[in-house]
Amino acid sequence: MGRFDFKQFSLDDSRCGMKIGTDGVLLGAWVDISKAARVIDVGCGSGLIALMLAQRNPDAVITGVEIDKAAYADACDNVLGSPWSGRVCILNADAMTFEVEKGASPLLIVSNPPFFNEALHSPDEERALARHGTRFGVEELIKLGSEWIIGEGDSLAFIAPSSRDDEVEFLLSLHRLVPCRHTVVYSRRGKKPLRSLWQVTADKYSHGVEESALYIRDESNGYTKEYLSLTSPFYLDK
């Protein structure tokens, strides 16, 4: 699509297979990063979430991992043009073989993973890879999370369709992970849920789950106070 201007940074996603969208903004604004010392943004694309989290936590050191070379190039340029280039690093690597170095804890793993499973894939290879998760998706992300979460306070956060909640809960149980935060996103009251925001940790570190709902628009078709409060630090017009 091109250039996007946020309140404290700008992004160019012209070379990315998947473009900047509401899902990434929701996840970047919603995830609890208050205690994270390190962040790994898996499949970082143009660097949207990595830069949102750099804005939200001035002490966190952030690494974006992106397998696609064109998206990696966008992310590198976007980080260099941001106020946080000194503590955001982008790596051109495969998350499935990426080794997490020992370092400061707690660790936050965050990802807006591919989740579309249509039989007809996009003819564009980069878009198909990003959109359909032919090499990496929710299941692989949860498995990685179970391997990388080793200490109390470590967590994995991601967004997925609400229609896959049962599948996500099964996969989390399979890998001994439990939700600590779960927010169901609706376009408005009375509509079917659209997305689920998840933040999970190892079951042995569980202290219960914070459940909530987020409605994007109200009865008058305006944005709700909750949605505006969440996204106003980033969107120029909110």
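Look up: the structure comes first, before these words.
Before going into details, it helps to say that this report is about the structure given with it.

Criteria and thresholds
Residues numbered from 1 in each chain as written. Predicted model: local features only at pLDDT ≥ 70, side-chain atom pairs only at ≥ 80, totals over all residues. Heavy atoms only, no water. Helix = DSSP H or I, 4+ residues; strand = E, 2+ residues; numbered from the N terminus. Rg over C-alpha atoms; globule rule 2.2 N^0.38 Å. Contact = heavy atoms within 4.5 Å. Areas by Shrake-Rupley, 256 points an atom, 1.4 Å probe, with all protein chains shown as cover. Lys, Arg positive; Asp, Glu negative; His and termini not counted. Charge placed at Lys NZ, Arg CZ, Asp CG, Glu CD. Core = buried A, V, L, I, M, F, W, Y, C linked by side-chain atoms within 4.5 Å. Buried < 20%, exposed > 50% of the residue type's maximum accessible area, 1.4 Å probe, protein only. Salt bridge = Lys/Arg side-chain N within 4 Å of Asp/Glu carboxyl O. Axes fitted to C-alpha atoms, helices over the stretch in contact; angles between N-to-C directions. Parallel < 35°, antiparallel > 145°, perpendicular 65-115°, else oblique. Left-handed = near helix turned anticlockwise from the far one by under 90°. Nonpolar A, V, L, I, M, F, W, Y, C, P; charged D, E, K, R; others polar. Phe/Tyr/Trp six-rings, centres within 6.5 Å; stacked < 30°, edge-to-face > 60°. Pairing = 2+ DSSP bridges.

## Brief notes about the overall build of the protein chain
From N to C terminus, the protein chain includes seven helices and 10 strands. The globule rule puts the C-alpha radius of gyration for 238 residues at 18 Å, and the 17 Å found for the protein chain is close to it. Judged by the C-alpha coordinates and their principal axes, the protein chain covers about 45 × 40 × 40 Å. Partitioning the contacts of the protein chain with sequence separation of at least 6, the portion at a separation of at least 24 is 69%. Accessible surface, the protein chain as shown: approximately 11,700 Å² in total, 50% of it carbon and sulfur. Measuring between centres, the 26 positive side-chain charges of the protein chain sit 4 Å from its 34 negative side-chain charges.

## Some words on the nonpolar core
Grouped together as the largest cluster of nonpolar side chains are 41 residues, with contacts concentrated most on Phe6, Phe9, Val39 and Leu53. Those elements that place two or more of their residues in this core are α1 (22-30), α2 (48-56), α3 (69-80), β5 (88-92), β6 (107-111), β7 (155-161) and α7 (225-231). Among the elements that make up this core, the one with the highest residue count is α2 (seven residues). Residues Phe136, Leu141, Trp148 and Leu177 belong to the second largest nonpolar core, which totals 25 residues.

## Regarding the pattern of salt bridges
Enumeration according to the criterion identifies eight salt bridges in this entry. Linking Asp74 and Arg15 is a salt bridge whose minimum nitrogen-to-oxygen distance equals 2.7 Å. Taken as a pair, Asp74 in helix α3 and Arg15 in the loop between β2 (10-12) and α1 lie far apart in primary sequence, 59 residues in all. We note a salt bridge from Lys143 to Glu147, for which the minimum N-O separation is 2.7 Å. With a gap of four residues between them, Lys143 and Glu147 both fall in helix α5 (residues 138-148), about one helical turn apart.

## Focus: the packing of α5 against helix α6 (residues 165-174)
Interhelical geometry of α5 versus α6 gives an angle of 30° and a closest axis separation of 10 Å. When the interaxial angle is binned, α5 and α6 end up roughly parallel. For the pair α5 and α6, the sense of crossing is right-handed. Packed against α5, whose contacting residues are Val138, Glu139 and Ile142, the element α6 presents Val168, Leu171 and Leu172 at the interface. Tallied by class, the residues present in the contact of α5 with α6 amount to five nonpolar, no polar and one charged.

## Points about the packing of aromatic side chains
Across all of its chains, the model carries seven aromatic pairs by this definition. Each ring, one from Phe98 and one from Trp148, has its centre 6.0 Å from the other, and the planes form 70°; the classification is edge-to-face. Remark: Trp148 occurs in helix α5 and Phe98 occurs in the loop between β5 and β6; sequence separation between them is 50 residues. Residue Trp148 is classed as buried on the basis of its relative accessible area of 9%. One aromatic cluster in this structure is built from Phe6, Phe9, Trp84 and Tyr235.

## Brief notes about the sheet that holds strand β9 (residues 193-202)
Spatially, the eight strands line up as an open sheet ordered β5-β4-β3-β6-β7-β9-β8-β10, and their pairing is mixed. The sheet is open, and its two borders are formed by β5 and β10 (210-215), each paired with just one other strand. When the angles between neighbouring strand axes are averaged without regard to direction, this sheet yields 20°. Where β6 meets β7, four bridges bridge the pair, whose relative direction is parallel. Note that in β7 the partner of Ile109 across the bridge is Leu156. The sheet strands contacting α1 are β6, β7, β8 (177-186), β9 and β10, and the helix crosses β9 at an angle near 40°. Strands β7, β8 and β9 of the sheet are contacted by α6, whose axis makes an angle of about 10° with β9.

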